[in-house]
Amino acid sequence: MTRAVWMRGLLGVAPVVLALSLWQAAVWLGDLPRFILPGPAAVAQTLWHSRALIAEHALVTLTEVLAGLMLGAALGGVSAIGLAASALARRLVQPILVFTQAVPVFALAPILTLWFGYGMGSKIAMALIIIYFPVTASFLDALTRTHPGWLELARVMGASPLRVLWHIRVPAALPGFASGVKLAAVYAPIGAIIGEWVGASRGLGYLMLLANGRAKTDLMFAALIVLALLTLALHWAVGAGLRRMLQRYGA
Amino acid sequence: MNAPALALHGTAHIAGRLVFGPLSLNAPAGCWTCLLGPSGVGKSTILRLFAGLGDGIAFDGALSGAGQVALMAQDDLLLPWLSVLDNVTLGARLRGQAVDGGAALQVLERVGLADRAGDRPGDLSGGQRQRVALARTLTEDRPVVLLDEPFSALDARTRAQMQDLTVELLTGRTVLLVTHDPAEAARLGHVLFILTEDGLQEVPPPDGPIPRPVGDAAVLAAQARLLTHLGAVPVAGAGTRGAAPRAPRDIFPKKEPGAGLPRGRR
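Treat the numbers as computed from the prediction; the structure is a model and nothing was measured. (Residues numbered from 1 in each chain as written. Chains lettered and ligands numbered in written order. Predicted model: local features only at pLDDT ≥ 70, side-chain atom pairs only at ≥ 80, totals over all residues.)

What follows is about the overall build of chain A. When helices and strands are tallied, chain A shows 10 helices and 0 strands. The C-alpha radius of gyration computed for chain A amounts to 23 Å, which surpasses the reference 18 Å derived for 251 residues by more than 25%, pointing to a less compact arrangement than a globule. In terms of principal-axis extent, the alpha carbons of chain A reach across some 75 × 60 × 30 Å. Classification of the 251 residues of chain A by burial places 37% in the buried group. Pairs at least 24 apart in sequence give 79% of the contacts found in chain A among residues at least 6 apart. (Helix = DSSP H or I, 4+ residues; strand = E, 2+ residues; numbered from the N terminus. Rg over C-alpha atoms; globule rule 2.2 N^0.38 Å. Buried ≥ 20, exposed ≤ 12 C-beta atoms within 10 Å, placed from the backbone. Contact = placed C-beta atoms within 7 Å.)

Structure (structure tokens):
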């Protein structure tokens, strides 16, 4: 039993060890200077020494991501319900939504900075825009796939379409909404980072750009690793939170 | 309860393809009428027409008694996120009416599930879930109840118990039961119809009040006749080799061969 647990733990750590070994091997074999590719040890050292600096910027990015995620999830949820309620709205809005997906979000970053300023606003807007579509699409898709038997039962019971939407279609589609939000938790940091790259004085994106410009590649990597870990943690936390909510809901 | 009779006369097409008819079906008021037949001959289409779910069905004819119906299907259609009690009162909530929780509890009492009112459907067995569906149907309190194979997913013992309970609780209402089980039809039908590819035919039921006893000789005999008529079993003395022939149509003593009933599909 304990042996099995040990083996599982070992297997969990193995990919990390493998990645670090490959990284270190590349540095040694390529004889790369520190400003091109620092080794894992150097990055770890920088991570430790600059922990206060990185934490400060990470907090800014995290705030932007969380605000964007919440606003995007709320807006996406409301939009999907609106679109599900009205065929006319679907006809009018769906093509627009698809068109906006054809616009590279990156290209919008400068104009968002112009509109919402240099501070957090433009980054939150960026994160919101990038997650709005996946949340809306995944929720709307679930809203249009309600078990036909439930809808027929409701019709025989004499229900109005709006009540069917509220009492049956929306609750039945919440798992779809949850998977959209889980996906959004991975996308939202991308939005915030793009925003910070284009124009900011705080945040992990800003820090990475700054470190890169001064050839502090180790700091750049340290910030990158923190960003990746933050994203993973957010994805995990959002997934666990939603799972608990849905369980309590019985769906 | 002042339950109406159900009647359907006409022909139905779906997407240009003939589903049934022309046929004529009468379900007398306050009785159990069983519509027996194999899959794909249009039993459900008839039921959907009475239920007002006829979108996509091109029905040419007359229909009476539809509207004011409650529907119970093979799938219990319980909403997994609602408690048992909330499922039972779903209809009122969907119509924006005041929910009478006390009345719903009384109905749950009658199906023997009052102590499970707060549970989620996922915590119940298949038979219990179907009893909740029955409670929901009763709470709708409609004079006409349409049953779409509501017992076919249950095990034999649970099915017999559910049949007894349903007959008891739906007394006085007009019931149309669609089924592919001859045993069920022989037990439960005041009036029996068989719908096959050849059309609709009324068949005399066994004697006695419903639910008739499972092992009763007359019920078993009726069940065998129904099965033969469905074409499942070769008629004795005919077709000893080769494919089983369709049972002759006049195997039943017809007491009333449904007024002007041209059979057959083109």
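Taken together, the contact between chain A and chain B spans 18 residues of the former and 20 residues of the latter. Considering every element that reaches the side of chain A that touches chain B, the biggest residue donor is helix 7 (residues 148-156) of chain A, with 7 residues. Of the residues assigned to the side of chain A that touches chain B, the class counts are 11 nonpolar, 4 polar and 3 charged. (Nonpolar A, V, L, I, M, F, W, Y, C, P; charged D, E, K, R; others polar.)

Let us look at the sheet that holds strand 9 (residues 199-203) of chain B. In sheet architecture, strand pairing relies on hydrogen bonds along the backbone and comes in two forms, parallel and antiparallel. Residue and element names in this part refer to chain B. Ordered in space as 5-6-7-3-8-9, the 6 strands form an open sheet in which the pairing is mixed. Looking along the sheet, the strands with just one partner apiece sit at the ends: strand 5 (69-73) and strand 9. Sheet twist, expressed as the average angle between the axes of neighbouring strands with direction ignored, equals 20°. Looking at chain direction, strand 3 (residues 32-36) and strand 8 (residues 191-196) are connected through 4 bridges and run parallel. Following the sheet pairing, Cys 34 is matched in strand 8 by Leu 192. (Pairing = 2+ DSSP bridges. Axes fitted to C-alpha atoms, helices over the stretch in contact; angles between N-to-C directions.)

So, on to the environment of B:Leu8. Residues and elements named next belong to chain B. Structurally, Leu 8 can be placed in strand 1 (residues 6-14). Classification of Leu 8 by C-beta neighbours within 10 Å gives buried; the count is 24. Separated by 123 residues in sequence, Leu 8 and Arg 131 place their C-alpha atoms 29 Å apart.

Turning our attention to the pairing of strand 6 (residues 144-148) of chain B. All names here are of chain B. Burial analysis of strand 6 places 5 of its 5 residues in the buried class, the great majority of the element. Because side chains alternate across strand 6, one face comprises the buried residues Val 144, Leu 146 and Asp 148, and the other comprises Val 145 and Leu 147, equally buried. Pairing of strand 6 with strand 7 (residues 174-179) involves 5 bridges; the strand directions are parallel. Each bridged residue has a counterpart across the sheet, and for Val 145 the counterpart in strand 7 is Val 175. Taken together, strand 6, helix 6 (residues 156-169) and strand 7 form a β-α-β motif whose crossover is right-handed. (Right-handed = clockwise from strand over helix to strand, strands pointing away.)

Attention shifts here to the nonpolar core. Among the nonpolar cores identified, the biggest contains 128 residues, and A:Ala127, A:Ile131, A:Ala188, A:Ala223, B:Leu146 and B:Leu176 are the most heavily contacted of them. For this core, the element with the highest residue contribution is helix 6 (residues 120-143) of chain A, accounting for 17 residues. Counting residues domain by domain, this core receives three or more from each of domain 1 (1-68 + 144-159 + 174-266) and domain 2 (77-141) of chain B. Other than its neighbours up to four places away in sequence, B:Leu176 contacts B:Leu6, B:Ala27, B:Thr33, B:Leu35, B:Leu47, B:Phe50, B:Leu146 and B:Leu147. (Core = buried A, V, L, I, M, F, W, Y, C linked by C-beta atoms within 7 Å. Domains from an automatic or database assignment.)

Of note, the amide linkage connecting B:Gly21 to B:Pro22 takes the cis form, showing an omega dihedral of 5°. Mapped onto the fold, B:Pro22 is located in strand 2 (residues 17-27). With an omega dihedral of -5°, the bond running from B:Ile210 to B:Pro211 counts as a cis peptide bond. By the element assignment, B:Pro211 lies in the loop between strand 9 and helix 8 (217-229). Of note in the backbone geometry, A:Ala215 takes a positive phi value of approximately 60° without being a glycine. Looking at the secondary structure, you find A:Ala215 in the loop between helix 9 (204-213) and helix 10 (217-249). C-beta crowding within 10 Å serves as the criterion here: with 13 such atoms nearby, A:Ala215 is assigned to the partly exposed category. Despite not being glycine, B:Ala15 has its phi angle at roughly 55°, a positive value. Within the secondary structure, B:Ala15 sits in the loop between strand 1 and strand 2. B:Ala15 sits in the exposed class, given 8 other C-beta atoms within 10 Å.

Once that is clear, we can look at the UniProt feature "transmembrane region" (unreviewed entry) in chain A. Residue and element names in this part refer to chain A. Cross-referencing UniProt, the feature "transmembrane region" (unreviewed entry) maps to residues 65-89, 96-118, 124-143, 172-199 and 219-238 in the present numbering. Between the first and last C-alpha atoms of residues 124-143 the distance is 27 Å; the span itself is 100% helix and 0% strand. As annotated, residues 172-199 has a helix share of 96% and a strand share of 0%, and its two end C-alpha atoms lie 42 Å apart. (UniProt positions renumbered as here; feature names shortened; annotations may be inferred.)

Residues and elements named next belong to chain B. Pairing analysis gives 5 bridges linking strand 8 to strand 9, with the strands arranged antiparallel. Among the inter-strand pairings, Phe 193 is bridged to a residue of strand 9, identified as Glu 202. Taking the residues between adjacent antiparallel strands as the criterion, strand 8 and strand 9 are bridged by 2 residues.

Our focus in this paragraph is the sheet that holds strand 4 (residues 57-64) of chain B. Residues and elements named next belong to chain B. One open sheet accounts for 3 strands, arranged 2-1-4; its pairing is antiparallel. Bordering the open sheet on either side are strand 2 and strand 4, each of which pairs with just one other strand. Averaged over all neighbouring strand pairs, the angle between strand axes comes to 5°, with direction disregarded. Pairing between strand 1 and strand 4: 8 bridges, direction antiparallel. Its bridge partner being in strand 4, Gly 10 is matched across the sheet by Gly 61. Lying on the sheet, helix 1 (residues 43-51) is in contact with strand 1, strand 2 and strand 4; it crosses strand 4 at an angle near 65°.

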